Amino acid sequence: MKKAIKIICVVLLFACSCIFTSIYIISDDISENYKLNRGDELEINTFMPVTVVYDGAKASQGTAIRQVGESFEVNLKLFGIIPFSKTRVQIVDEMHVQVLGEPFGMKIYTDGVLVIDNVDIQTKSGKKNPAASAGIKVGDYIKSIDGKTVTCNEDVLELVTKSNGKALRFEVMRDNKTFYCNVTPALDKESNIYRIGIWVRDSSAGVGTLTFYSPSNDVVCGLGHGVCDTDTNELLTIESGELVKAEIIDVEKGSAGSPGSLKGKLSYDTIADISLNCECGIYGVVKSNTTSQKLTEIAMKQDVKNGNAQIFCTVDGNTPKLYSCKIKKIGKSDSPTQNLIVTVTDEELIKATGGIVQGMSGSPILQDGKLVGALTHVLVDDSKTGYGIYAENMLETAQSVGDGASTSRLKQAS
């Protein structure tokens, strides 16, 4: 009898250990919030069966009585018995967009001028760096000098060189906060010109891929990640800019340790003025009325599956094509742009580009006829593999941009 009890205890202990281990593992795959169409059932795909329960009913019964825009909490149970977590569900309309995959160019002007480097000045009394001494750092934006707005490198150069060594009051923005400091230019003994010891940038340009156009609010978006300065690696604060049509004219193939790139030619045809540059991509409201082509449903993140998918991108000219790939969902991540691992399997694309290259960022990823995400980055040590962002995340940002544009239009009309 004692032996039987001992065996039962060991079995129960082993079973409890397995259950707790399973809960720990699957918790990493569960998001803090999900979106659902009214009447749909939330299904969480894990290696162990998870049941979604709301007020003692299945999620489908719980959502059928809900209205679009409502959100509520549901309980999660392992094997339909063991409660282990909760998550929040929001009821939404079906989400449809026009999938693009076309190349585009960016013409960007920063809000002020961006400090990209500090350089010491050789004066008669030794090396000095007036800007650094005043507290100006790489990544700061200089917005005005002595009350005069600066919008380009030439503005800074003119005001500093004409200072005759007099202290200048700088308006500086850092992390979206503004502060003021006094900078006293130093006389460079080699050029005999007053300098403050910084290099600045006022604009940027590049090529990327458009992800989708949302006809409900006329917002177009691309990249799937923010536009960052190449020197500071900080997200650019954009004063103005536009998205223009582009054509791919050449490809620099990627390889392990050497990311390749698409070479594009920008046109003068404007697609949209830039409204937002953020971690989830670059967004703009189209400048003219656009006739929507075939619309594609956006898959919600819980519907995305590990396995075969397709990348819709352009590597020659301006006409996108479908290429095969495999995707794997990533658990909880600190980066909003790293939701998927994407591996190119299409031999034609590998032959043309080596896999994923710069300029393909924003390329739509399709699975089972739905838009599931977009490419964001390539892995430096494996040119066939990169990261992807959920399309649901990009649409959420596009909707916020559209809401802001609508509010602006209403204010203008009134």
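Going along each chain's sequence as written, the residues are numbered from 1 onward. Restriction of local features to residues with pLDDT of at least 70 applies here, the model being predicted, together with a cutoff of 80 or more for giving and counting side-chain atom pairs; totals for whole chains, interfaces and linings are based on all residues. The basis for every side-chain value is the complete set of non-hydrogen atoms in the structure, without hydrogens or water.

Enquirer: Just to check I follow, could you spell out the overall build of the protein chain for this structure?
Expert: Numbered from the N terminus, helices here are DSSP runs of H or I no shorter than four residues, and strands are runs of E no shorter than two. Scanning the protein chain for helices and strands turns up six helices and 27 strands. A buried classification covers 45% of the 414 residues belonging to the protein chain. Two residues form a contact once any of their heavy atoms are found within 4.5 Å. Taking the contacts inside the protein chain whose residues are at least 6 apart along the sequence as the reference set, 67% of them involve residues at least 24 apart. A 1.4 Å probe and the Shrake-Rupley method give the accessible areas. Residues count as covered only by the protein chains that appear here. On the protein chain, roughly 21,400 Å² of surface is accessible, and the fraction owed to carbon and sulfur atoms is 49%. Think of it in three bands: with a 1.4 Å probe and only protein chains considered, a residue is buried below 20% of the maximum accessible area for its type, exposed above 50%, and partly exposed in between.

Enquirer: Please explain the sheet that holds strand β24 (residues 340-344) as it appears in this structure.
Expert: Strand order in this closed barrel of six strands is β22-β23-β24-β27-β26-β25, and the pairing throughout is antiparallel. Averaged over neighbouring strand pairs, the angle between their axes works out to 45 degrees when direction is ignored. Strands qualify as paired when DSSP identifies two bridges or more between them. Examined bridge by bridge, strand β23 (residues 321-329) and β24 share five bridges and lie antiparallel to one another. Bridging across to β24, K329 finds its partner in L340. Every axis in this analysis is a line fitted to C-alpha atoms, fitted for helices over the stretch in contact. Angles between the N-to-C directions lie between 0 and 180 degrees.

Enquirer: What exactly am I supposed to notice about the environment of K329 here?
Expert: Position of K329 among the secondary structure elements: in strand β23. The class for K329 is partly exposed, based on a relative accessible area of 28%. Spatially, the C-alpha atom of K329 lies 7.3 Å from that of K305, the residues being 24 residues apart in sequence. When residues no more than four places from it in sequence are discounted, the contact partners of K329 are K301, Q302, V304, N306, N339, L340 and Y390. A polar side-chain atom of K329 sits 3.3 Å from the main-chain carbonyl oxygen of V304. Polar contacts here mean pairs of N or O atoms no more than 3.5 Å apart (in protein, one a potential hydrogen donor and the other a potential acceptor; neighbouring residues in sequence count only if both atoms are side-chain atoms).

Enquirer: For this particular structure, what's the right way to read the pattern of salt bridges?
Expert: Side-chain pairing between opposite charges can occur once the charged atoms of the two side chains come close. By convention in these notes, a salt bridge is any Lys or Arg side-chain nitrogen within 4 Å of a carboxyl oxygen on Asp or Glu. Counting across every chain of the model gives seven salt bridges. Among the ionic pairs, K162 bridges to E158, the shortest N-O distance being 3.1 Å. Judged by its relative accessible area of 59%, K162 is exposed. The exposure class assigned to E158 is partly exposed, which follows from its relative accessible area of 41%. Here K370 and E297 are joined by a salt bridge, their closest N and O atoms 3.9 Å apart. Linking K370 in strand β26 (residues 370-379) with E297 in strand β21 (residues 296-297), this pair joins segments that are 73 residues apart in sequence.

Enquirer: How should unusual backbone geometry be read in this particular structure?
Expert: In terms of backbone geometry, most residues other than glycine have negative phi values and most peptide bonds are trans. Even without a glycine there, the phi angle at D146 is positive, about 50 degrees. The residue D146 is located in the loop between β10 (141-145) and β11 (148-149) in this model. Classification of D146 by relative accessible area gives partly exposed; the value is 35%. For N164, which is not glycine, the phi dihedral falls at a positive 55 degrees. In this fold, N164 is placed in the loop between α4 (153-161) and β12 (168-174).

Enquirer: I tried to follow the confidence of the model for the protein chain on my own but got confused; where do I start?
Expert: pLDDT is a per-residue confidence score from the predictor, ranging from 0 to 100. Put simply, the protein chain has an average pLDDT of 81, and 79% of its residues get 70 or more. Considering each helix and strand of the protein chain separately, the mean pLDDT is smallest for strand β3 (residues 57-58), with a value of 52, and largest for strand β25 (residues 364-367), with 97. Confidence drops under pLDDT 50 across residues 406-414; counting only partners more than four residues distant or on other chains, this segment forms one contact.

Enquirer: So what exactly am I meant to see when it comes to the side chain of D140 here?
Expert: Looking at the secondary structure, you find D140 in the loop between α3 (130-133) and β10. A distance of 2.7 Å separates the side chain of D140 from the backbone nitrogen of K137, its partner in a polar contact. Once residues within four sequence positions are removed from consideration, D140 is found in contact with V113, L114, V115, G135, V172, M173, R174 and F179.

Enquirer: What's the story with the pairing of β26 in this structure? I'm lost.
Expert: Counting buried positions along β26 gives seven out of ten residues, so the element sits mostly inside the fold. In terms of strand pairing, β25 meets β26 through four bridges, oriented antiparallel. Across the sheet, P364 pairs through a bridge with A374, a residue of β26. Counted along the chain from β25 to the antiparallel partner β26, the turn is two residues long, and its residue D368 has a positive phi close to 55 degrees. Linkage of β26 to strand β27 (residues 382-390), two consecutive antiparallel strands, is achieved through a turn of two residues.

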